[in-house]
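Single-letter residue listing:
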Amino acid sequence: MALTKNRILKNLQQIRENIADACRTARRSEKEVSIIAVTKSAELDGIKALLEAGVTDLAESRAQILAERAEAIDAWLARRRSSEPLTPRWHMVGTLQRNKVRKVLPFVQVVHSVDSLRLAEEINARAEKDEKTVDILLQVNCTEEPQKSGCAVGAALHMAELAVTLKSLRLVGLMTIGPTEGGPAGARAAFVRLRELFEEIRSQKIGGPAFKHLSMGMSDDYPLAIAEGATMLRIGRALFAQ
């Protein structure tokens, strides 16, 4: 059964309150933290409700679905009669195959899941043809789980050095996914590891002022991620739960 707009807005309000609480505990400003709404379990009406509630960062984990949803939302915005403009910003957060880059690049502004130099080079080549700059984050496998995507922790600094040489990309941060098992302690360990790596890369001035984001934390663990410095929270299920 499709969620009502009121249910989604109530979920959003609860998440915002949780973020505020976590930020107070961590002595951080809420302005440092963004909700990236992962829409894979949402109906189009739910996405529209989020946009109208001020959540303009939208994400998908599959290239085909991202392209379809972005096209549908663009069509709705073109028909929408309102003096208040809405500008969605699409994020690719799932594994991106090099042969799917062409499909998402017309729509996506941020790719969180760059886990190899070959993928970065493909995005750069397509972006150069389209005369645009794409923000990217390097995905790091901080849990060392073989089933997870992401470059190794030990390879991330060198990969960052190479990524910033690609002229149509802007390296804006790092991304990781918490462990499949291990509970809060395991999640916190992964987030600490990413933050330490982030600080090491930033200390070497790789990426410059644009390198400022930590994409970590999802529906089950985003308060922990905030405590360890997350600036982008990839939240889906908690937004669209009954």
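Residues numbered from 1 in each chain as written. Predicted model: local features only at pLDDT ≥ 70, side-chain atom pairs only at ≥ 80, totals over all residues. Heavy atoms only, no water.

A. Just the overall build of the protein, in detail. Within the protein one finds 8 helices and 8 strands. Since a compact globule built from 242 residues should have a radius of gyration of about 18 Å, the 17 Å found for the protein is in line with a globular shape. Its C-alpha atoms put the protein at 45 × 45 × 30 Å along the principal axes. Counting across all 242 residues of the protein, residues that qualify as buried make up 48%. Once local pairs closer than 6 in sequence are excluded, the contacts in the protein between residues at least 24 apart make up 65%. Split by element, the accessible area of the protein, about 12100 Å² in all, is 47% carbon and sulfur. One way to put it: in the protein the 35 positive side-chain charges average out to a point 3 Å from where the 30 negative ones average out. (Helix = DSSP H or I, 4+ residues; strand = E, 2+ residues; numbered from the N terminus. Rg over C-alpha atoms; globule rule 2.2 N^0.38 Å. Buried < 20%, exposed > 50% of the residue type's maximum accessible area, 1.4 Å probe, protein only. Contact = heavy atoms within 4.5 Å. Areas by Shrake-Rupley, 256 points an atom, 1.4 Å probe, with all protein chains shown as cover. Lys, Arg positive; Asp, Glu negative; His and termini not counted. Charge placed at Lys NZ, Arg CZ, Asp CG, Glu CD.)

B. Inspection of the nonpolar core at higher detail. Of all hydrophobic cores here, the largest spans 73 residues; its most connected members are Ile-123 and Leu-174. Residues in contact with Leu-174, not counting those within four places in the same chain, are Leu-137, Leu-138, Val-140, Leu-194, Leu-197, Phe-198, Ile-201, Phe-211, His-213, Leu-214 and Ser-215. If you look at the next biggest cluster of nonpolar residues, it comprises 9 residues, including Ile-36, Val-38, Leu-137 and Met-175. (Core = buried A, V, L, I, M, F, W, Y, C linked by side-chain atoms within 4.5 Å.)

C. Highlighting the packing of helix 2 (residues 44-52) against helix 3 (residues 63-79). Where helix 2 contacts helix 3, the axes come no closer than 11 Å and their chain directions differ by 60°. On the basis of their axis angle, the class for helix 2 and helix 3 is oblique. In terms of crossing hand, the pair formed by helix 2 and helix 3 is right-handed. Contacts from Leu-44, Ile-47, Lys-48, Leu-51 and Glu-52 in helix 2 reach Arg-69, Ala-72, Ile-73 and Trp-76 in helix 3. Looking at side-chain class alone, the contact of helix 2 with helix 3 contains 6 nonpolar, no polar and 3 charged residues. (Axes fitted to C-alpha atoms, helices over the stretch in contact; angles between N-to-C directions. Parallel < 35°, antiparallel > 145°, perpendicular 65-115°, else oblique. Left-handed = near helix turned anticlockwise from the far one by under 90°. Nonpolar A, V, L, I, M, F, W, Y, C, P; charged D, E, K, R; others polar.)

D. How the structure looks around helix 7 (residues 183-203). End to end, helix 7 covers 31 Å across 21 residues, agreeing with the expected 30 Å (1.5 Å per residue, within 8%). Inspection of helix 7 places Ala-187, Ala-190, Phe-191, Leu-194, Leu-197, Phe-198 and Ile-201 among the buried residues, and these make up the whole buried set. Projected down its long axis, helix 7 shows its buried positions confined to an angular sector of 125°, all on one face. Exposed side of helix 7, more than 90 degrees from the buried face: Pro-184, Ala-185 and Ser-203 are the residues found there. The inward-facing, buried residues of helix 7 contact helix 6 (153-163), strand 6 (169-175), strand 7 (213-215) and helix 8 (222-227). Phi turns positive one or two residues past the end of helix 7, at Lys-205, with a value near 60°. (Expected span 1.5 Å × (residues − 1). Arc of directions from axis to C-beta.)

E. Broad picture of the layout of surface pockets. Empty space within the largest pocket amounts to approximately 520 Å³. Lining the largest pocket are 25 residues, with Ile-177, Met-218, Ser-219, Asp-220 and Arg-234 sitting closest to its centre. Of all the secondary-structure elements, those providing two or more residues to the lining of the largest pocket are helix 7 and strand 8 (232-235). In terms of residues, the lining of the largest pocket owes the most to one element, helix 7, which gives 3 residues. When the residues that make up the lining of the largest pocket are grouped by side-chain class, the tally is 9 nonpolar, 9 polar and 7 charged. If you add up the space inside the second largest pocket, you get close to 180 Å³. If you trace the second largest pocket, you find it lined by Arg-16, Ile-19, Glu-30, Val-33, Ser-34, Ile-35, Gly-54, Val-55, Thr-56 and Asp-57. (1 Å grid on protein atoms, 1.4 Å probe; cavity = no way out; pocket = protein on both sides within 12 Å on 5 of 7 lines; lining within 4 Å. Points joined across faces, edges and corners; volume = space filled by probe spheres on them.)

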